[in-house]
Structures are given as structure tokens and as C-alpha cells.
Amino acid sequence: MLQARPAVAGALAGAVGAGVALGTAELLAGVLPGIPSLVASVGRWIIDNQPLGAKDVMVSLFGTNDKAVLELVIVAVAFAIGAVLGIVAVRSFRLTSYAFLAFGAVGFFAALRDPSAVPTFAVVAAATAVAAGIGTVSWLTGQGGGAPGPTGAVAPSWSRRGFLARTGALGFTALVAGGLGRRLIVAREETPGAHPTIPQPGAVVTLPASADLAIPGLTPIVVPNGEFYRIDTALIAPSVDVASWQLRVTGMVDRPVTLRFDELVALPLIEQYVTISCVSNEVGGDLVGNAKWTGVRLRDVLRMAGVQAGATQLVGESVDGFTAGMPMAWVMDPAREPMIAVKMNDEALPRPHGYPARLIIPGLYGYVSATKWLSELRVTTMEAEDGYWVPLGWSKEAPILTQSRIDLPRRGTNPRGKQAIAGIAWAPDRGISRVEVQVDGGAWQVATLSRPISSTTWVQWKLDWDPAQGEHTIVVRATDGDGITQPVDRTPAAPDGARGWHIRVTSIA
Ligand SMILES: Nc1nc2c(c(=O)[nH]1)N[C@H]1C(S)=C(S)[C@@H](COP(=O)(O)O)O[C@H]1N2
Ligand SMILES: [Mo]
């Protein structure tokens, strides 16, 4: 095989070598917590250095699968580079070895940016992965090991079938190792973090009766943690150790403060329902959710440090370097209660949602407020610093815009008979005062609202409907607590949130 088609065989061997290297790295990352996934580390590096508008393109093409696609592309590129290196190996094995080493180094340095990485572990993981990759290419091509033949090459005397069988077996093993490693990583992400006992909050909030219209198929008023939308730049949620976690308050303060987790939750605890939304949520989209958050008052912590006059911005930084910046005036406005949340719907914050502590600021989009895996509160000025997404073209200030969404009837075809047109509407923290529905261009009809939990949360709305057979067009618009109705004209999500009425075309059978 190798003698007959050296380029094809080399390419196969190289691609499998790259696969073995990645599979080894992923498995090690799955088994040992201090070792970050090389693929995810490289992905994160790409995300942090993305060109303007790249995220919008990815999200518009792949929705919330954008990160999975990014990782697949990284793996595919690694295979392609491996194939080229395999061809090179047949001529110069040394060059291929150096190239593998170089890629191992790139992976290692990318991994070091992960705050949970233990550098010595990461070195060992990268070295093991590189060695496994080089060893694979060496074995499959017969280069680099054993006594060099007269031409400097000792191609194995395997038959074509023998070569393909070995290549296939190694490739398969690499796939299994990589898949297993990824499963272990995801399992770790889903394992709830330990919590030192959190005292009961002083005042407990309960759902008012009729807060939920309880219509089958309609989004529930409180979204369970497992179904809550997730958006962040982390390919794998940081696994923070609560025992060594600290929150620092720095910048324009009288006394910088550092709090351990037990010190944080020793402060008075409060609960509130708050609807949070992603600025990337298109009209009709599902990047929005409502949960009960338990935590401490952000202003209590800021008061411990003493915010100095002239401070106009608060930046929340996460353990993995993400930042969200918000106006200090928004945080200090007594009309709302910004919080450092440690629980979500009565459970410890799930790792994907920011364990052990995150910010929840009523009324602001997530990217300018809701820092997960919170590690630092920086008191500064608006001019001094931009949060993560601002240089990428998103607004520096971004209150959540009023939105309404139709959940029922569903897209496509629906059965005839009496049913509800229903959905949700939100305008935190102005509240929703009215929702109107228009069917087939008729008069606007006022929908029934669920009893609002508070002005920081969304409401459900419904309108009874007994449709005739055929196609129908339904439009919804909401009016917020200030009496301002959503504008009809659609705008894209960038730079400060999507505007426009949600329209659903449905066909009744
Ligand atoms: N550390 C960190 N916090 C973050 C983000 C992030 O990328 N990293 N993304 C923000 C954005 S854009 C949104 S919309 C919310 C989403 O919170 P959720 O995933 O709990 O729904 O988290 C915010 N907090
Ligand atoms: Mo977001």
C-alpha cells in the first residue's frame, strides 16, 4: 500500500494520527479535571479573537448549535492538517514530528487560558497527545522508528488490506476515546456543584395564584433549569471549586473587598423572579427565560467596599475572563434590586448557568449584566472600559426591549376546534400592561394576561379562538408598563436587540 500510493497512505496515516492525538487529549480532559479539552480551548481562543460580525453569521446559520459547529470545524481542520503532515512524513518524518509538537504547543497555550487548568497537567496532556499522534503516524507509515532502509525509509510490508485495517482500527479507537472523553466532560458540567449550606432567605417569594395560565404547549411561567436557555462564550462551563472561589470588589472603592462563598451567603439573602433575555434573541426567538433567583443584594456588597463618587460603570468579570459592563445608575436605582444569585429555582446554580455565583440585574440584556461564574466586581467609569461584546459592535448600554411571542397555535398545521392563541410577553423591569392580537388583518383584540409575578418578569397571554379551516395569520404586540407599544418595524438583533411584531402563519386542517 505504502509503496504503491505513498501520498494516499500518508494522508490517511496523518489524519488518523491527528485523530489519535485529539482523542487522547479529550479522554485525558474527561478523566482529569485539571486538564482542559484541547478542542474546546482552541475554540475559546477563536471565539475570543473572532472578527466583527462572525458570531451573528454563525448564530444565523446554526442557531444555538453555533459552538458545536465551531468544534466540529476545528476537528475537521485538524484532520486536514494531519493528512498533509502524513504526506510530508513519508519524505521527512522529522518535519512532521516538529509540526505535531507545534500544534501540541498551540493547544497547550490555548488550554492555559482556562482558569481551571493545572499547567503541569496540561503539559502532560499535550505531550501525551503529541506522542500518541506522532507514534501513530510513525507506526502506520513506518517512518521515524526502526532502522532506516537504503532510501531512509522503512515502509511496513503490510498489504493494502492490512494497512487499511490498522488505520481503521486506530481511527475507531480515537473516535471512541474522544467521544468518551467528551461525555465525561459534559457529565462533569452537568453534575451540580457542592454548596456549603445556604441560609434560608429572610423573605420567601411565592408564585401568586393564576400566575400561570397552565395551557398545554404554552411556555411555563417559570422555566425549569434544565430547559433554560444557555448563552455564553464558554465551550465547556468552567468547573469552579466553591471552597477556593472568591469574589473581589475592586476599582473606585474606598476599601477593596474579598469575599469567600460562605462570607457572601452570610449576608442577608433575598429571592425574586426575574426574566432574563439575550440581546441576540430574534423576534419570536427562545433566548429568554424566567426563573426564581436567590442571592444577596448587589448593593449590600458594593456598600461594603464603598463606591466612590464619579464611578459610572460596574463591570462584572467571570473566572474565565468574560466581562459585562453596566451603568452604575442602573444598579443603584432603588426601583430595582440587582443581585448576586447563588440559586436558580431553589437549586444551586447549575454549572452552565454560573455556579457558584452570577449577576442578575433586572431589565438589562445578559451581555451587559448577567455575568456567570462571577469573580470580580470592578467599579469604574463608562469611558474606562468596554465589556466583552461592546468592541464587537454591540451597544454599550442595552435595556431589554419590549417583546411578545406567539407559542400557540404552533407553526405548520393545527387541528380545528376551539383553542387558545397564546404566548408570552416581557418588558423587564417596566412590566407588561397590555397584549393585543390581530387575526387575519381584523381588529386588534385585547388578550387575557396571567397575573404578573412582578414588573421584572414576563407574563403569559391568551385569546380564545375557534378558527375556520384554511390559512390564518396571527400578529401580536405588547405594551409595556410605561404605556409604550412595541414598534411594528423589524430590526435585527444587533446592536441593541430585535424590534418588531411577531407574526405566525398557521394552517388549520
Ligand atoms: N461568564 C459569562 N457570563 C455570561 C456570558 C458569558 O459569555 N460568560 N454571557 C452572557 C449572556 S450574552 C447572556 S444572554 C446570559 C445568559 O445566561 P444563561 O445562560 O444563564 O441563560 O449570560 C451572560 N453571562
Ligand atoms: Mo446574550
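Anything mentioned here points back to the structure above.
Rules used in this analysis
Residues numbered from 1 in each chain as written. Chains lettered and ligands numbered in written order. Predicted model: local features only at pLDDT ≥ 70, side-chain atom pairs only at ≥ 80, totals over all residues. Heavy atoms only, no water. Helix = DSSP H or I, 4+ residues; strand = E, 2+ residues; numbered from the N terminus. Buried < 20%, exposed > 50% of the residue type's maximum accessible area, 1.4 Å probe, protein only. Areas by Shrake-Rupley, 256 points an atom, 1.4 Å probe, with all protein chains shown as cover. Lys, Arg positive; Asp, Glu negative; His and termini not counted. Charge placed at Lys NZ, Arg CZ, Asp CG, Glu CD. Pairing = 2+ DSSP bridges. Patch = residues over 30% accessible without salt bridge, like charges linked within 9 Å, V, L, I, M, F, W, Y side chains within 5 Å. Salt bridge = Lys/Arg side-chain N within 4 Å of Asp/Glu carboxyl O. Expected span 1.5 Å × (residues − 1). Contact = heavy atoms within 4.5 Å. Core = buried A, V, L, I, M, F, W, Y, C linked by side-chain atoms within 4.5 Å. Near = heavy atom within 4 Å. Polar contact = N/O pair within 3.5 Å; in protein donor to acceptor, adjacent residues only side chain to side chain. Nonpolar A, V, L, I, M, F, W, Y, C, P; charged D, E, K, R; others polar. Axes fitted to C-alpha atoms, helices over the stretch in contact; angles between N-to-C directions.

## Quick look at the overall build of the protein chain
Line of reasoning, step 1. Of the regular secondary structure elements, the protein chain holds 10 helices and 19 strands.
Line of reasoning, step 2. Across the 509 residues of the protein chain, 53% fall into the buried class.
Line of reasoning, step 3. Summed over its atoms, the accessible surface of the protein chain is roughly 22,000 Å², and 61% of this surface lies on carbon and sulfur atoms.
Line of reasoning, step 4. Averaging the coordinates of the 41 positive side-chain charges in the protein chain and doing the same for the 41 negative ones gives two points 8 Å apart.

## Side note on the sheet that holds strand β16 (residues 448-449)
Line of reasoning, step 1. As summarised here, the arrangement of the 4 strands in space is β11-β13-β17-β16, forming an open sheet in which the pairing is antiparallel. Among the strands making up the open sheet, the edge pair consists of β11 (403-408) and β16.

## Observations regarding a nonpolar patch on the surface
Line of reasoning, step 1. Among the surface-exposed residues, V31, L32, V118, F121, L180 and L184 lie close enough to one another that they form a single nonpolar patch of about 460 Å² accessible area.
Line of reasoning, step 2. Position of L180 relative to the elements: it lies in helix α7 (residues 160-190).

## With respect to the pairing of strand β4 (residues 288-297)
Line of reasoning, step 1. For β4, the tally of buried residues reaches 9 of 10 residues, placing the bulk of the element in the interior.
Line of reasoning, step 2. Sheet analysis places strand β3 (residues 269-277) next to β4, joined by 9 bridges and oriented antiparallel. Counted as the bridge partner of I276 is G289 from β4.
Line of reasoning, step 3. Sheet topology places β4 next to strand β7 (residues 339-344); 5 bridges connect them, and they run antiparallel. Looking at the pairing, G295 lines up with A341 of β7.

## Focus on helix α5 (residues 93-112)
Line of reasoning, step 1. Counted at 1.5 Å a residue, the expected span for α5 with its 20 residues is 28 Å, and the 29 Å between its end C-alpha atoms agrees.
Line of reasoning, step 2. Taken as a whole, α5 has its buried residues at F93, T96, S97, A99, F100, G104, G107, F108, A110 and A111.
Line of reasoning, step 3. Among the structural elements, α1 (6-31), α2 (38-48), α4 (66-91) and α6 (119-141) are those in contact with the buried residues of α5.

## Some remarks on unusual backbone geometry
Glycine aside, residues mostly have negative phi angles, and peptide bonds mostly take the trans form.
Line of reasoning, step 1. Of the consecutive residues Y355 and P356, the connecting peptide bond is found in the cis state with omega at 5°.
Line of reasoning, step 2. Geometrically, the link from A494 to P495 is a cis peptide bond, its omega value of 5° lying close to zero.
Line of reasoning, step 3. Topologically, P495 is positioned in the loop between β18 (470-480) and β19 (502-508).
Line of reasoning, step 4. If you check the backbone angles, S210 has positive phi at about 60° while not being a glycine.
Line of reasoning, step 5. Looking at the secondary structure, you find S210 in the loop between α7 and β1 (246-251).
Line of reasoning, step 6. Here S210 falls in the partly exposed class, since its relative accessible area comes to 46%.
Line of reasoning, step 7. With phi around 50°, W373 is a residue other than glycine that occupies positive phi space.
Line of reasoning, step 8. Secondary-structure assignment places W373 in the loop between β9 (358-360) and β10 (374-380).

## Considerations on the nonpolar core
Line of reasoning, step 1. Judged by nonpolar contacts, the single largest core of 82 residues is most densely connected at L264, W293, L298, V301, L314, I340 and L377.
Line of reasoning, step 2. In terms of nonpolar packing, the next biggest core, distinct from the first, is built from 17 residues, I406, A427, I432 and I508 among them.

## Thoughts on the site of ligand 1
Line of reasoning, step 1. Taken together, 19 residues lie around ligand 1, and Y229, T233, H353, R358 and K372 are the ones closest in.
Line of reasoning, step 2. One of the side-chain nitrogen or oxygen atoms of S318 is found 3.3 Å away from a nitrogen atom of ligand 1.
Line of reasoning, step 3. Between ligand 1 and K372, the relevant distance is 2.5 Å, taken from an oxygen atom to a side-chain nitrogen or oxygen of the residue.
Line of reasoning, step 4. In isolation ligand 1 exposes 540 Å². Once the protein is present, 99% of that is buried.
Line of reasoning, step 5. Classifying every residue of the shell around ligand 1 by side-chain character gives 9 nonpolar, 5 polar and 5 charged.

## Notes on the sheet that holds β10
Line of reasoning, step 1. Judged by pairing direction, the sheet is mixed, and its 5 strands sit side by side in the order β2-β1-β10-β5-β6 without closing on themselves. Both outer strands of the open sheet, β2 (257-260) and β6 (323-327), are each paired with one neighbouring strand and no more. For this sheet the average axis-to-axis angle between neighbouring strands, irrespective of direction, equals 15°.

## Quick word on α2
Line of reasoning, step 1. By the burial criterion, the buried members of α2 are L38, V39, A40, S41, G43, R44 and I47.
Line of reasoning, step 2. Packed against the buried residues of α2 are α1, α4, α5 and α7.
Line of reasoning, step 3. In this structure S37 caps α2, since a side-chain oxygen of it lies 3.4 Å from the backbone nitrogen of V39.

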